[in-house]
Amino acid sequence: MGSWEEFYATHLPPSDFEDNRQLLKQFCENHLKDQSQNIVLITSGGTIAPLEHNTVRFVDNFSAGSRGSASAEYFLENNYAVIFLFRTKSLEPFTRHFSGQQFLDMLEINENGENSTISVRPDSTDVLLPILQKYKQAQETNRLLYVNFTSVSDYLWLLRAACECLAPFEKRALLYLAAAVSDFYVPEEDMPKHKIQSTGAPKISLELVPKILKPLVSSWVPQAFVVSFKLETDDSLLIAKSRESLIKYNHKLVIANILQTRKHRVVLVSPNASHEILLTKDQAHSGLEIEEPIVADVTRRHEEFQVAGEQ
Ligand code: PAZ
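I will try to describe carefully the structure that is included in this document. From a predicted model like this one, the values you see are computed outputs, not experimental measurements.

**Some remarks on the overall build of the chain**
Right, so step 1: On a plain count of helices and strands, the chain comes out with 10 helices and 14 strands.
Right, so step 2: Taking 2.2 N^0.38 as the reference for a compact globule, 311 residues should give roughly 19 Å; the C-alpha atoms of the chain span a radius of gyration of 21 Å, in line with that estimate.
Right, so step 3: Once the C-alpha set of the chain is aligned to its principal axes, its extents read approximately 65 × 65 × 45 Å.
Right, so step 4: Relative to its full complement of 311 residues, the chain shows a buried share of 44%.
Right, so step 5: The contacts in the chain between residues at least 6 apart in sequence include a share of 72% that link residues at least 24 apart.
Right, so step 6: Here the chain carries 31 positive and 40 negative side-chain charges, and the mean point of each set is 5 Å from the other.

**Quick look at the side chain of Glu-73**
Right, so step 1: Residue placement: Glu-73 occurs in helix α3 (residues 66–77).
Right, so step 2: According to the relative accessible area criterion, Glu-73 is buried, its value standing at 8%.
Right, so step 3: Each residue touching Glu-73, except ones within four places of it in the same chain, is listed here: Pro-93, Phe-94, Arg-96 and His-97.

**A closer look at the sheet that holds strand β8 (residues 173–177)**
Backbone hydrogen bonds are what pair the strands of a sheet, in a parallel or an antiparallel way.
Right, so step 1: Ordered by their spatial adjacency, eight strands build an open sheet running β7-β4-β1-β8-β11-β12-β13-β14, and the pairing between neighbours is mixed. Among the strands making up the open sheet, the edge pair consists of β7 (144–149) and β14 (274–278). Within this sheet the neighbouring strands show an average axis-to-axis angle of 15°, counted without direction.
Right, so step 2: The sheet contact formed by strand β11 (residues 225–232) and strand β12 (residues 253–258) spans six bridges and is parallel. Residue Phe-229 lies in a different strand from β12, and its bridge partner there is Ile-255.
Right, so step 3: In the packing of helix α2 (residues 17–32) onto the sheet, the strands contacted are β1 (39–44), β4 (81–87) and β7, and the crossing angle to β7 comes to about 155°.

**Considering a negative patch on the surface**
Right, so step 1: Negative charge collects at one region of the surface, where Glu-5, Glu-6, Glu-189, Asp-190 and Glu-207 lie side by side.
Right, so step 2: You can see Glu-207 is positioned in strand β10 (residues 207–208).

**Describing the packing of aromatic side chains**
Right, so step 1: According to the stated counting rule, one finds 17 aromatic pairs in the structure shown.
Right, so step 2: Between Trp-4 and Tyr-8, the ring centres sit 6.4 Å apart and the planes meet at 80°, which makes this aromatic pair edge-to-face. Of this pair, Trp-4 and Tyr-8 both sit in helix α1 (residues 4–10), four residues apart, which is roughly one turn of the helix.
Right, so step 3: Residue classification places Tyr-8 among the buried positions, given a relative accessible area of 7%.
Right, so step 4: Relative to Tyr-146, the ring of Phe-86 lies with its centre 6.3 Å away and its plane at 80°, an arrangement referred to as edge-to-face.

**Section: unusual backbone geometry**
Right, so step 1: Positive phi values are uncommon outside glycine, yet Asn-79 reaches one of about 70°.
Right, so step 2: Tracing the chain through its elements places Asn-79 in the loop between α3 and β4.
Right, so step 3: With phi around 50°, Glu-170 is a residue other than glycine that occupies positive phi space.

**Digging into helix α5 (residues 125–140)**
Right, so step 1: The terminal C-alpha atoms of α5 lie 21 Å apart, and with 16 residues this matches the ideal 22 Å at 1.5 Å per residue to within 8%.
Right, so step 2: Within α5, the full set of buried residues consists of Leu-128, Ile-131 and Ala-138. Down the axis, α5 shows its buried residues gathered within 100° of arc, on one side only. Residues of α5 that are exposed and point more than 90 degrees away from the buried face comprise Asp-126 and Glu-140.
Right, so step 3: Lining the buried residues of α5 we find α3, α4 (102–105), β6 (117–120) and β7.
Right, so step 4: Where α5 ends, the next residue or the one after it, Asn-142, has phi of about 55°, a positive value.

**Description of the nonpolar core**
Right, so step 1: Ile-39, Leu-166, Leu-175, Leu-216 and Val-226 are the most contacted members of the largest nonpolar core, which totals 42 residues.
Right, so step 2: Top element by residues in this core is helix α6 (residues 152–166). It accounts for 11 residues.
Right, so step 3: Once you skip the residues sitting within four places of it in the chain, Leu-175 turns out to touch Leu-41, Cys-163, Leu-166, Leu-216, Val-221, Ala-224, Phe-225, Val-226 and Val-227.
Right, so step 4: With 35 residues, the next largest nonpolar core counts Ala-70, Tyr-74, Ala-138 and Phe-225 among its residues.

**With respect to α2**
Right, so step 1: End to end, α2 covers 22 Å across 16 residues, agreeing with the expected 22 Å (1.5 Å per residue, within 8%).
Right, so step 2: All of the buried residues along α2 are Phe-17, Asn-20, Leu-24, Phe-27, Cys-28 and His-31. Down the axis, α2 shows its buried residues gathered within 100° of arc, on one side only.

Criteria and thresholds
- Residues numbered from 1 in each chain as written.
- Predicted model: local features only at pLDDT ≥ 70, side-chain atom pairs only at ≥ 80, totals over all residues.
- Heavy atoms only, no water.
- Helix = DSSP H or I, 4+ residues; strand = E, 2+ residues; numbered from the N terminus.
- Rg over C-alpha atoms; globule rule 2.2 N^0.38 Å.
- Buried < 20%, exposed > 50% of the residue type's maximum accessible area, 1.4 Å probe, protein only.
- Contact = heavy atoms within 4.5 Å.
- Lys, Arg positive; Asp, Glu negative; His and termini not counted.
- Charge placed at Lys NZ, Arg CZ, Asp CG, Glu CD.
- Pairing = 2+ DSSP bridges.
- Axes fitted to C-alpha atoms, helices over the stretch in contact; angles between N-to-C directions.
- Patch = residues over 30% accessible without salt bridge, like charges linked within 9 Å, V, L, I, M, F, W, Y side chains within 5 Å.
- Areas by Shrake-Rupley, 256 points an atom, 1.4 Å probe, with all protein chains shown as cover.
- Salt bridge = Lys/Arg side-chain N within 4 Å of Asp/Glu carboxyl O.
- Phe/Tyr/Trp six-rings, centres within 6.5 Å; stacked < 30°, edge-to-face > 60°.
- Expected span 1.5 Å × (residues − 1).
- Arc of directions from axis to C-beta.
- Core = buried A, V, L, I, M, F, W, Y, C linked by side-chain atoms within 4.5 Å.

Dropping the structure here:
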């Protein structure tokens, strides 16, 4: 595995990097002045590892962005300013509630020739209104910034840029790293320029992506409250791997989950303890999302962390 310094030295930033950096800078400057404003960076969705420079094929993963997009809404409800760093075409806060044709089904046409209008079906107002109100409130208070990425390299560039802007918030900054970032990639110098031809079975050799939590915790945002996520498919590894990560990177919390049960069970692993959040079937049927108690717990810990720092 190459070092993270080597990664940035050998991989170009995404083409819209400067624009996004300016947006991040502006958003953070606007909120920095208010001493009572907490801010969270949420990463969400998977990353691709391209196999060609002119990318036709890539290695991807399962992540839909449900965790990150739902959490963003709950952080807004807890009065955080939210930077939502998400994989292009993965779920986003507010629009995540409507998939496929669901949104169109909520509308009706009031026929009047050229003056026809559209309105929300009366039986859909109850669903749409609260979501729209919360979305508008986030927009009007300028508390939600969307920044998107596709490849693991784009993600790493944007993550570092976001951290640079978050560092001045010190303890008020919370990093909630829910994205499923590829552990493997093809370095740019080893990638063919054009589409791999199907004249023979290709030999693709993947390298390890450098572990970015190390510089992030120790140098980029050393005073922030950093929460990482750990996904496993083997339950017997979950807690041990989470503890290993806490010891290695020295951050505050790992939220551990298993692929198949991630929507109703997580374990919050801190250096001294672990705490399970488990949704009952009734809670899940009544519409409670696990991100609501997760975010309540994380914001409480963030608050305690800030208060402890003042003493
Ligand atoms: O995006 P999603 O809701 O489908 O899944 C969420 C998740 C499992 C990607 C997230 O909870 C997580 O564990 N992220 C970190 C994955 C890892 O790198 O171990």
